[in-house]
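What follows is the residue order along each chain.
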Amino acid sequence: DTAVSQTPKYLVTQMGNDKSIKCEQNLGHDTMYWYKQDSKKFLKIMFSYNNKELIINETVPNRFSPKSPDKAHLNLHINSLELGDSAVYFCASSQARELFFGSGTQLSVL
Amino acid sequence: GESVGLHLPTLSVQEGDNSIINCAYSNSASDYFIWYKQESGKGPQFIIDIRSNMDKRQGQRVTVLLNKTVKHLSLQIAATQPGDSAVYFCAENIRAGNMLTFGGGTRLMVKP
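J.: What am I meant to see in the sheet that holds strand β6 (residues 62-67) of chain B here?
T.: The strands that make up a sheet are held in pairs by hydrogen bonds between backbone atoms, and each pair lies either parallel or antiparallel. Residue and element names in this part refer to chain B. Overall, antiparallel pairing links the four strands, which are arranged β2-β7-β6-β5 in an open sheet. The open sheet is flanked by β2 (19-24) and β5 (56-58), the only strands paired with a single partner. Taking each pair of neighbouring strands and ignoring which way they run, the sheet shows an average axis angle of 15 degrees. With three bridges connecting them, β5 and β6 associate as antiparallel partners. From the neighbouring strand, Arg-57 faces β6, where its bridge partner is Val-64.

Right, here's the structure in full:
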């Protein structure tokens with residue numbers, strides 16, 4: 001059983017399109033996150049939700065909108081995709097301090 | 001965590017040798033640190049953690065050393081194996097919240 005699963009694994013799309021990435025965790029954790037990893041492997045927090053409530057929102061364009069229908073799910077919707085949005089997006093969850101990551105979604109904007 | 005460099009540092013070691021990966025952190029309020037391993041095409045995976053009231057912690061083939069005086073963290077891998085090839089990240093957690101801040105990563109390449 002995959003603890004943190006995100007779909008799709010690969011996403012190739014044109015500039016200007018709108019896309020969503022889904023994430024689900026079966027660990028019973030209260031907190032979920034979205035991280036962005038650039039081409040130099042740097043990992044940067046985007047959002048954090050605790051029990052469906054937004055608790056961290058780093059400096060992210062408002063084209064990115066997270067949605068948490070319940071504490072096991074945190075989806076990421078991106079409007080009007082730009083070339084610079086190309087990256088690997090990781091979902092993660094935690095109950096204490098350790099983060100458990102999904103396997104990533106590689107987004108390529110053409 | 002470590003400030004982002006212009007490139008990903010790479011450490012190349014011979015199989016069977018010991019590896020030492022270093023990390024400098026910037027926030028003296030950080031009280032918890034984690035090392036993660038990220039293999040190609042996968043998400044980061046937990047290796048070992050250490051709290052700020054310790055200066056050394058050992059796991060299976062891995063040791064983390066913490067020097068709070070100079071805000072430095074290191075990961076030592078004994079008898080490095082080809083399966084250890086990956087990108088390694090240190091991450092720090094500030095007392096106030098659960099957010100982990102990641103360092104820039106080091107690529108470890110193990111030569112057979």
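J.: Got a minute to help me understand the pattern of salt bridges in this structure?
T.: A side chain with one charge may pair with a side chain of the opposite charge, provided their charged atoms come close. In this structure the tally under the stated criterion is seven salt bridges over all chains. For A:Arg63, the salt bridge is made with A:Glu82, and the minimal N-O distance between the two is 3.5 Å. Here A:Arg63 is found in the loop between β6 (53-57) and β7 (64-70), whereas its partner A:Glu82 is found in the loop between β8 (73-78) and β9 (87-94), with 19 residues between them in sequence. Look at A:Glu82 and you get partly exposed, because its relative accessible area is 42%. As a salt-bridge pair, B:Arg57 and B:Asp49 come within 2.2 Å of each other at their nearest N and O atoms. Since its relative accessible area comes to 35%, B:Arg57 is described here as partly exposed.

What counts, and at which threshold
Residues numbered from 1 in each chain as written. Chains lettered and ligands numbered in written order. Predicted model: local features only at pLDDT ≥ 70, side-chain atom pairs only at ≥ 80, totals over all residues. Heavy atoms only, no water. Pairing = 2+ DSSP bridges. Helix = DSSP H or I, 4+ residues; strand = E, 2+ residues; numbered from the N terminus. Axes fitted to C-alpha atoms, helices over the stretch in contact; angles between N-to-C directions. Salt bridge = Lys/Arg side-chain N within 4 Å of Asp/Glu carboxyl O. Buried < 20%, exposed > 50% of the residue type's maximum accessible area, 1.4 Å probe, protein only.

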